[in-house]
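Spelled out from the first residue to the last, the chains are:
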Amino acid sequence: MQQVLSLFSGEGLAARVLRSASWLMIGYGGSQALRLAANLLMTRLLFPEAFGLMALVSVVTTGLALFSDIGVGPSIAQSKRGDDPDFLDTAWSVQVVRGFILWGMTLLLAWPIAEFYDAPELMWYLPIAGAALAINGLDPIRVETAHRHLLVGRLTALELISQAIGIGAMVLIALWTQSVMALVLGSIIQATAFLILVWRALPGRRSRFHWERQALGELLHFGKWIFLSTAFWFLTSQGDRAILGKFVPLEVLGIYNIGFFLASFPMALGHAVNQRLMIPVYRDKPAQADPRYKRKQRQLRAGLSAFILSMLLGMAWLGPWLVDVLYDDRYLHAGAMIVLISVALAPAVITMTYDQAALAAGDSRSFFVFTASRAIAQTALFLIAVMMFGLPGGIAALAGAMILAYPVMVWLARKHHVWDPRHDLGFTLLTIAIGGGAIWWHQPAIAEMIAAVS
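For the structure given in this document, a descriptive report is provided here. (Residues numbered from 1 in each chain as written. Predicted model: local features only at pLDDT ≥ 70, side-chain atom pairs only at ≥ 80, totals over all residues. Heavy atoms only, no water.)

## Side note on the overall build of the chain
Item 1. Along its length, the chain carries 17 helices and zero strands.
Item 2. Relative to its full complement of 454 residues, the chain shows a buried share of 54%.
Item 3. Sequence separation of at least 24 residues holds for 83% of the intrachain contacts in the chain that already meet a minimum separation of 6.
Item 4. If you sum the accessible surface of the chain, you get close to 19,800 Å²; carbon and sulfur atoms cover 68% of it. (Helix = DSSP H or I, 4+ residues; strand = E, 2+ residues; numbered from the N terminus. Buried < 20%, exposed > 50% of the residue type's maximum accessible area, 1.4 Å probe, protein only. Contact = heavy atoms within 4.5 Å. Areas by Shrake-Rupley, 256 points an atom, 1.4 Å probe, with all protein chains shown as cover.)

Here it is, written out as structure tokens:
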């Protein structure tokens, strides 16, 4: 016990990694618990179509954010100037300007998006939801420096408090209006609460407007490939809902959105930990510098994969039961969707730790190549599969895309000396056995869902 406590209490990289990973998991677990509580309340106050509309709002706002991301956070995490005030103030200035431009874009896109999806309500919801993008841009840059130095305890607490405020406001507005507007305004209130809390309660120097040509040049040089990568990441993370919104009724899209939320939370936790944890690990202890570093990275990778994959495959087995217990009959088919989505996401979980090695080395170009390959494969497969086989075919395409992109991932991982084929093979066999068993066990519910959405 004393050894375990000493690992957490030290000031070395291992101690900071363990503390940060613990805080990230606590924060994510708390966040998902709050989201689930809100989801359960809102499904009783609103109707399935409301979640379909909100899914489309999220597609657009998330798409705008991703299509304009130049990687301020990763730039600060990997740069040698990551603690330089001039560099940080320039990064913050870029972030603020970008946020207000994105808000303006929601105004311009509201009408064509509403026409494309034949959903007139989006004309009003999109510009209102877009205000959150401008508010997020005002967040002080010390949020990113806290992640750079793996000091995220207080930040995690502030994120949870702001989320609780946003959810509380959302429920009250839903009780009052019985409208999708509650979901839209809840995100704005949460963003505002987080902004106020971090400005007042997160220690560090205050951000100010400042433009330094050299800092801007470094941000743009590193960020040009991040910009392209995140544009393609939009297709990976939101492309399924963007495509389904055109091919299925809003009610089915809303049920799918709930099923995806429940099924994907382990993978989202993995991404949160991976993005904030692995860059400092790869940056400070590169695998090629010492065999001991490579061994420790392998152990960390195996631990993360085992933890996240066990939760993901657990959802594949328990999904229908959870939906039956937590939701009313309108959302019954979300359970079968959880089984298929959980298994389909497993290949992405198995390989998720490799790409951050490229960012840690400043190789944003290789990161882009992999992200683009996966996004193109997923979008093409998903569109074709939905057109030919409906929603179940689209879910299967999520797994197929990662399998097609795997050779590119191997190329990136080998380039940065982090590929672990034994890890990939072992967890793949485990997924086939446990995930295949879940699909076989829940076959009647899956067949019923397929018949209902066809």
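Having seen it, we continue.
## What about the nonpolar core?
Item 1. Counting residues in hydrophobic clusters, the biggest one holds 109 residues, and the most contacted among them are Met42, Leu122, Leu244, Tyr256, Leu262, Leu309 and Ile341.
Item 2. The element best represented in this core is helix H11 (residues 250-284), accounting for 16 residues.
Item 3. Not counting chain neighbours up to four residues away, the residues in contact with leucine 244 comprise Leu253, Tyr256, Phe382, Val386 and Leu391.
Item 4. By size, the runner-up hydrophobic cluster in this structure holds eight residues, among which are Phe87, Leu88, Trp92 and Ile141. (Core = buried A, V, L, I, M, F, W, Y, C linked by side-chain atoms within 4.5 Å.)

## Observations regarding the environment of valine 386
Item 1. Looking at the secondary structure, you find valine 386 in helix H15 (residues 364-415).
Item 2. Given the relative accessible area of 7%, valine 386 is considered buried.
Item 3. For the pair valine 386 and phenylalanine 247, spaced 139 residues apart in sequence, the C-alpha to C-alpha distance is 7.9 Å.
Item 4. Dropping the residues within four chain positions of it, valine 386 is found in contact with Leu244, Phe247 and Gly394.

## Digging into empty space enclosed by the protein
Item 1. Applying the stated criterion across every chain yields a total of two cavities of 30 Å³ or more.
Item 2. Put simply, the second largest cavity is a space of about 40 Å³.
Item 3. Along the walls of the second largest cavity sit Lys294, Gln297, Arg298, Arg301, His417, Val418, Trp419 and Asp420, which together make up its complete lining.
Item 4. When grouped by side-chain class, the residues that make up the lining of the second largest cavity number two nonpolar, two polar and four charged. (1 Å grid on protein atoms, 1.4 Å probe; cavity = no way out; pocket = protein on both sides within 12 Å on 5 of 7 lines; lining within 4 Å. Points joined across faces, edges and corners; volume = space filled by probe spheres on them. Nonpolar A, V, L, I, M, F, W, Y, C, P; charged D, E, K, R; others polar.)

## Describing the environment of tryptophan 317
Item 1. Inspection of the secondary structure assignment puts tryptophan 317 in helix H12 (residues 291-326).
Item 2. Residue tryptophan 317 is classed as partly exposed on the basis of its relative accessible area, which comes to 34%.
Item 3. It is 5.1 Å that separates the C-alpha atoms of tryptophan 317 and alanine 438, two residues lying 121 residues apart in sequence.
Item 4. What tryptophan 317 contacts, discounting residues up to four positions off in sequence, is Ile434, Gly437, Ala438, Trp441 and His442.

## Re the side chain of histidine 423
Item 1. Its place among the elements puts histidine 423 in helix H16 (residues 421-441).
Item 2. Those residues in contact with histidine 423 that lie beyond four places of it in its chain are Arg301, Ala302, Ser305, Ile350 and Tyr354.

## A look at the side chain of threonine 90
Item 1. Along the chain, the position of threonine 90 falls in helix H5 (residues 85-116).
Item 2. Take threonine 90: its relative accessible area is 0%, and that puts it in the buried class.
Item 3. Dropping the residues within four chain positions of it, threonine 90 is found in contact with His210, Trp211, Glu212, Ala215, Leu216 and Leu219.

## Focus on the packing of aromatic side chains
Any aromatic ring pair is given by two values, namely how distant the centres are and how the planes are angled relative to each other.
Item 1. Going through the model one piece at a time under the given rule, you end up with ten aromatic pairs.
Item 2. Judged by centre distance (4.9 Å) and plane angle (55°), the rings of tryptophan 92 and phenylalanine 209 are tilted. With tryptophan 92 in helix H5 and phenylalanine 209 in the loop between helix H9 (181-201) and helix H10 (213-247), the pair connects residues that are 117 residues apart, well separated along the chain.
Item 3. Measuring from ring centre to ring centre gives 6.5 Å for phenylalanine 100 and tryptophan 103, while their planes differ by 45°; the resulting arrangement is tilted. Taken together, the residues phenylalanine 100 and tryptophan 103, both in helix H5 and three residues apart, mark about one turn of the helix.
Item 4. A cation over a ring is seen here: lysine 246 above phenylalanine 116, with NZ or CZ 4.4 Å from the ring centre. (Phe/Tyr/Trp six-rings, centres within 6.5 Å; stacked < 30°, edge-to-face > 60°. Lys NZ or Arg CZ within 6 Å of the ring centre and 35° of its normal.)

## Section: the layout of surface pockets
Item 1. Roughly 350 Å³ of internal volume is contained in the second largest pocket.
Item 2. Lining of the second largest pocket is provided by 15 residues; of these, Pro347, Ile350, Ile403, Thr428 and Thr431 occupy positions nearest its centre.
Item 3. Contributing elements (two or more residues each) for the lining of the second largest pocket: helix H13 (334-350), H15 and H16.
Item 4. Residue contributions to the lining of the second largest pocket peak at seven residues, all from H16.

## A few points about a nonpolar patch on the surface
Item 1. A surface patch of nonpolar side chains, about 890 Å² in accessible area, is lined by Trp317, Leu318, Trp321, Val325, Leu430, Ile434, Trp440 and Trp441.
Item 2. Of all elements in the fold, only H12 and H16 reach the threshold of two or more residues within the nonpolar patch.
Item 3. Looking at the element boundaries, tryptophan 441 is found in helix H16. (Patch = residues over 30% accessible without salt bridge, like charges linked within 9 Å, V, L, I, M, F, W, Y side chains within 5 Å. Salt bridge = Lys/Arg side-chain N within 4 Å of Asp/Glu carboxyl O.)

## Observations regarding H12
Think of an α-helix as 3.6 residues a turn; residues three or four steps apart then line up on the same face.
Item 1. Over its 36 residues, H12 runs 48 Å from end to end, which matches the ideal 52 Å to within 8%, given 1.5 Å per residue.
Item 2. Of all the bends found along H12, the most pronounced is centred on leucine 318 and spans about 60°, while proline 320, a proline, follows it within four residues. (Expected span 1.5 Å × (residues − 1). Bend = angle between axes of the 7 residues up to and from the residue.)

## Looking at the environment of leucine 219
Item 1. Along the chain, leucine 219 turns up in helix H10.
Item 2. Taking the relative accessible area as the measure of exposure, leucine 219 reaches 1% and is therefore buried.
Item 3. When the C-alpha atoms of leucine 219 and serine 75 are compared, they prove to be 6.5 Å apart, with 144 residues separating the residues in sequence.

## Structural notes on the pattern of salt bridges
Item 1. Here the structure, examined in full by the defined rule, presents five salt bridges.
Item 2. Notably, a salt bridge pairs arginine 330 with aspartate 328, separated by 2.9 Å at the nearest N-O pair.
Item 3. Classification of arginine 330 by relative accessible area gives partly exposed; the value is 35%.
Item 4. Residue aspartate 328 is classed as partly exposed on the basis of its relative accessible area of 28%.
Item 5. Of the charged contacts, one joins lysine 415 and aspartate 363 as a salt bridge, the two residues approaching to 3.1 Å between their closest N and O atoms.

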